[in-house]
Amino acid sequence: LGKRLFYEKRLSGDGTLACASCHDLYEKAGGDARPTAEGIAGQVGPRNVPTVWNAAFQSVLFWDGRAPSLEAQAVGPILNPIEMGLSAPVEAERRLSGDPSYRADFARAFGDERPISFERIAQAIAAFERTLITSDSPYDRFVHGDAGALSRAQLRGMALFESVGCVLCHRGTNFSDASLLGGQSPLRFFPANATPYEEKYKLLTESGERGIWRVPSLRNVAL
């Protein structure tokens, strides 16, 4: 059910967008390959689309960390006027309740005949997102005992990653201090240091200050 809802365009105001429109799982590594998001009616948002791969391990969601769970995150884009642009939770309930196959799917998933609710839509999407786990990288194989999984250059890089302090923010199994897996401080000032990239890539906030953002996971960052 959660997977079906993840691809359901009726959850957008004009029926053209689904969660998967911005979170392309297989072609764009769970994001959209754009600098910032493009939403309903071609509107362009101010922030980059985070990947949903391994999002289950993050202790806070959205770049500013305002959502404490996948369930809380899932409802945000649906109702955001420049993302999916649905008018109200009741409209999502109305649209899906009119489809007999959805009524059957919700009854089967939740074990009762209660009406379809926005809360349950979010619960189902979050349940699907918790299945989006990548756990078989060369690094994973190395730490599970395959001594040949990493090249000599990669091993040197891993040692440097620790010795120069990258692990202070990108630690643990999910390489993020915003992770449920050993994370301690999910938010950081970014950019951490003054750099010409601040202006070149517009890394500062609208007021020209460094922002306080969730530490991104480095899993699949090459993609």
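Our subject is the structure that appears above.
Summary of the structure given here. (Residues numbered from 1 in each chain as written. Predicted model: local features only at pLDDT ≥ 70, side-chain atom pairs only at ≥ 80, totals over all residues. Heavy atoms only, no water.)

Some thoughts on the overall build of the protein
Defined as follows: Here a helix means four or more residues in a row that DSSP labels H or I, a strand means two or more in a row labelled E, and each is numbered from the N terminus. Relative accessible area decides the class of each residue, using a 1.4 Å probe on protein chains only: under 20% of the type maximum gives buried, over 50% gives exposed, and in between gives partly exposed. Per-residue accessibility takes into account occlusion by the displayed protein chains alone, with areas from the Shrake-Rupley method and a 1.4 Å probe. By the counting rule applied here, Lys and Arg register as positive and Asp and Glu as negative, while His and the ends of each chain are not counted. To locate a charge, take NZ of a lysine, CZ of an arginine, CG of an aspartate or CD of a glutamate.
When its secondary structure is counted, the protein shows nine helices and two strands. Moving toward the C terminus, one meets the helices and strands of the protein in the order α-α-α-α-α-α-α-α-β-α-β. Taken along its principal axes, the extent of the C-alpha atoms in the protein is 60 × 45 × 30 Å. Out of the 223 residues belonging to the protein, those deemed buried represent 35%. Of the roughly 12,700 Å² of accessible surface on the protein, a fraction of 57% belongs to carbon and sulfur atoms. In the protein, which carries 25 positive and 26 negative side-chain charges, the distance between the mean positions of the two groups comes to 2 Å.

So, the pattern of salt bridges
The condition is simple: By definition here, a salt bridge exists when the distance from a side-chain nitrogen of Lys or Arg to a carboxyl oxygen of Asp or Glu is within 4 Å.
Applying the stated criterion across every chain yields a total of 17 salt bridges. One salt bridge connects E8 with R10, and the closest N-O pair in it is separated by 3.1 Å. As a salt-bridge pair, D105 and R108 come within 2.4 Å of each other at their nearest N and O atoms. With a gap of three residues between them, D105 and R108 both fall in helix α5 (residues 100-110), about one helical turn apart. Judged by its relative accessible area of 62%, R108 is exposed. When salt bridges with common partners are traced through the structure, they connect R4, E8, R10, D99, D105 and R108 into a single cluster.

Side note on a nonpolar patch on the surface
Note the following rule: Residues with no salt bridge and a relative accessible area higher than 30% make up the patches, which join like charges within 9 Å and nonpolar side chains (Val, Leu, Ile, Met, Phe, Trp, Tyr) within 5 Å.
Residues L187, F189 and I212 make up a contiguous nonpolar surface patch of about 290 Å² in total accessible area. Within the fold, I212 resides in strand β2 (residues 211-214). On the basis of relative accessibility, which here comes to 45%, the residue I212 falls in the partly exposed class.

Quick word on the packing of helix α3 (residues 70-79) against helix α6 (residues 118-129)
We count it as follows: Helix axes are fitted to C-alpha atoms over the stretch in contact, other axes to C-alpha atoms as well, and angles between N-to-C directions run from 0 to 180 degrees. Oblique is the label for any angle not covered by the other classes, which are roughly parallel (under 35 degrees), roughly antiparallel (over 145) and roughly perpendicular (65 to 115). Handedness of a helix crossing follows the sense of rotation of the near helix relative to the far helix, less than a right angle counterclockwise being left-handed and clockwise being right-handed. Contacts are assigned to residue pairs that have any heavy atoms within 4.5 Å of one another.
Contact pair α3 / α6: the axes reach a minimum separation of 8 Å and the direction vectors enclose 115°. Viewed along their axes, α3 and α6 adopt a mutual orientation that is roughly perpendicular. Seen from above, α3 lies across α6 with right-handed handedness. Touching L70, E71, Q73, A74, V75, I78 and L79 of α3 are F118, A122, Q123, I125, A126 and E129, all from α6.

Considering the side chain of R219
The line we're drawing: Any pair of N or O atoms that falls within 3.5 Å is considered a polar contact. Within protein, one atom must be able to donate a hydrogen and the other to accept it, and sequence-neighbouring residues count only if both atoms are side-chain atoms.
Secondary-structure assignment places R219 in the segment after β2. For R219, a relative accessible area of 12% translates into the label buried. Engagement of the side chain of R219 in a polar contact is seen with the backbone oxygen of T134, the distance being 3.5 Å. Within the structure, the side chain of R219 is placed 2.7 Å from the side chain of D140, a separation counted as a polar contact. Excluding its chain neighbours within four sequence positions, the residues that come into contact with R219 are N54, T134, S137, Y139, D140, T173, N174 and F175.

Digging into the side chain of E8
Examined against the element boundaries, E8 turns out to sit in the loop between α1 (2-6) and α2 (19-22). Judged by relative accessible area, which is 10%, E8 ranks as buried. Excluding residues that lie within four positions of it along the chain, E8 makes contacts with L17, A18, L96 and Y102.

Regarding α5
Looking at α5, one finds that the buried residues are Y102, D105, F106 and A107. Buried positions along α5 lie against α1, α4 (89-97) and α6. Following α5 by one or two positions, G111 adopts a phi angle in the positive range, close to 75°.

Some thoughts on the packing of aromatic side chains
To keep things clear, this is the line we draw: Two aromatic rings from Phe, Tyr or Trp, using only the six-membered ring of Trp, form a pair when their centres are within 6.5 Å; if the ring planes differ by under 30 degrees the pair is stacked, by over 60 it is edge-to-face, and anything between is tilted. Look at NZ for Lys and CZ for Arg. If either is within 6 Å of the ring centre and within 35 degrees of the ring normal, a charge sits over the ring.
By the definition in use, this model includes eight aromatic pairs. Plain terms: the ring middles of Y26 and W53 are 6.0 Å apart, the flat faces sit at 70° to each other, and that makes the pair edge-to-face. Of this pair, Y26 sits in the loop between α2 and α3 while W53 sits in the loop between α2 and α3, and the two are 27 residues apart along the sequence. Taken together, the ring pairs in this structure connect F6, Y7 and F128 into an aromatic cluster. A cation sits over an aromatic face here: R4 above Y102, 3.6 Å from the ring centre.

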